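# Summary of structural features
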Amino acid sequence: MKKRKLKNFNNIPNHVAVIMDGNGRWAEKRGLKRNMGHRKGADRLYEILMASLEVGVKVLTVYAFSVENWKRPQAEVDYLMTEATNFLKKHESDIISKEIRVIVIGEDDRIPDYLREKKYYYMDLTKDYNKMTFVIALNYGSHQELVQMVKKISEKVKTNEIDINDINEQTVEENLYTKGLPPVDLMIRTSGEIRVSNFLLWQLSYAEMYFTKVLWPDFNKKEYYKALEEYQLRQRRFGGLTK
Ligand code: IPE
Ligand code: IPE
Ligand code: MG
């Protein structure tokens, strides 16, 4: 089988964010348990991370578990926590040899100890790498992130670290979990759902959106290239006029 390649490497998005959706439906369609969809989805994630590195995407942010996902049955939640830990363990040496920086964003509460430990261990281990940044949104909610940002800034105002009149967009940026990361250029959501589900509301403000019916466990490199190729054709105006 001929391996598909990206046609051209011009205009590659700097930051791609992905809502990896449809694992459950993928499994159910095959008469499998939902967890098998998560299992397959984790392998796809690694494939897309490697493809990002190959084509020159600088930051890949993926939605692994939302604050709303705690509503799911305990067994599925447990499986997702274990799968996330296994993913980090399984790819550790590869991520190190490829010099990928890993950042986990989201709240620490409710995350099992073994995964929280792995989270900080990994972030510390990879903090000096800069070939690419891989951001995992785990126990993440955009509303929570914005509430935390307001609290952090308020605290700094209270202690006179900053003056209220000096608060600007940069102040906001610096107090989000995504501090230091560039804005999202391309947001991909799989499985046909057309919504953002509390993901990166501030950071997506001028992102190009790509929605596909393909379920996440089927979202291979070829599908990723399709999204990148569509992005390459988009005209981004940022409120201005096309040259
Ligand atoms: C995405 O797949 C993975 C997570 C939300 C963790 P889903 O589990 O939401 O799959 P569907 O949407 O039920 O098919
Ligand atoms: C969004 O998918 C969260 C993740 C992919 C981790 P969901 O399947 O949880 O979102 P909704 O419920 O369809 O909005
Ligand atoms: Mg879903």
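Just above, that's the structure.
Keep in mind the model is a prediction, meaning the values are calculated, not measured.

## Observations concerning the site of ligand 1
Of all residues adjacent to ligand 1, which total 13 residues, the nearest are D21, G24, R25, R34 and R72. The side chain of D21 places a nitrogen or oxygen atom 2.8 Å from an oxygen atom of ligand 1. The separation between an oxygen atom of ligand 1 and a polar side-chain atom of R25 is 2.8 Å. The cavity where ligand 1 resides is the largest pocket. Classifying every residue of the shell around ligand 1 gives three nonpolar, five polar and five charged.

## Thoughts on the site of ligand 2
Neighbouring ligand 2 are the residues I19, M20, D21, Y63, A64, F65, N69, R72, R189, R195 and S197. Contact between ligand 2 and N69: an oxygen atom at 2.9 Å from a side-chain N or O atom of the residue. Comparing atom positions with the cavity grids shows ligand 2 to sit within the largest pocket. Considering each element in turn, the shell around ligand 2 owes the most residues, three residues, to strand β2 (residues 59-66).

About the criteria used
Residues numbered from 1 in each chain as written. Chains lettered and ligands numbered in written order. Predicted model: local features only at pLDDT ≥ 70, side-chain atom pairs only at ≥ 80, totals over all residues. Heavy atoms only, no water. Near = heavy atom within 4 Å. Polar contact = N/O pair within 3.5 Å; in protein donor to acceptor, adjacent residues only side chain to side chain. 1 Å grid on protein atoms, 1.4 Å probe; cavity = no way out; pocket = protein on both sides within 12 Å on 5 of 7 lines; lining within 4 Å. Sits in = over half its atoms within 2 Å of the grid points. Nonpolar A, V, L, I, M, F, W, Y, C, P; charged D, E, K, R; others polar. Helix = DSSP H or I, 4+ residues; strand = E, 2+ residues; numbered from the N terminus.

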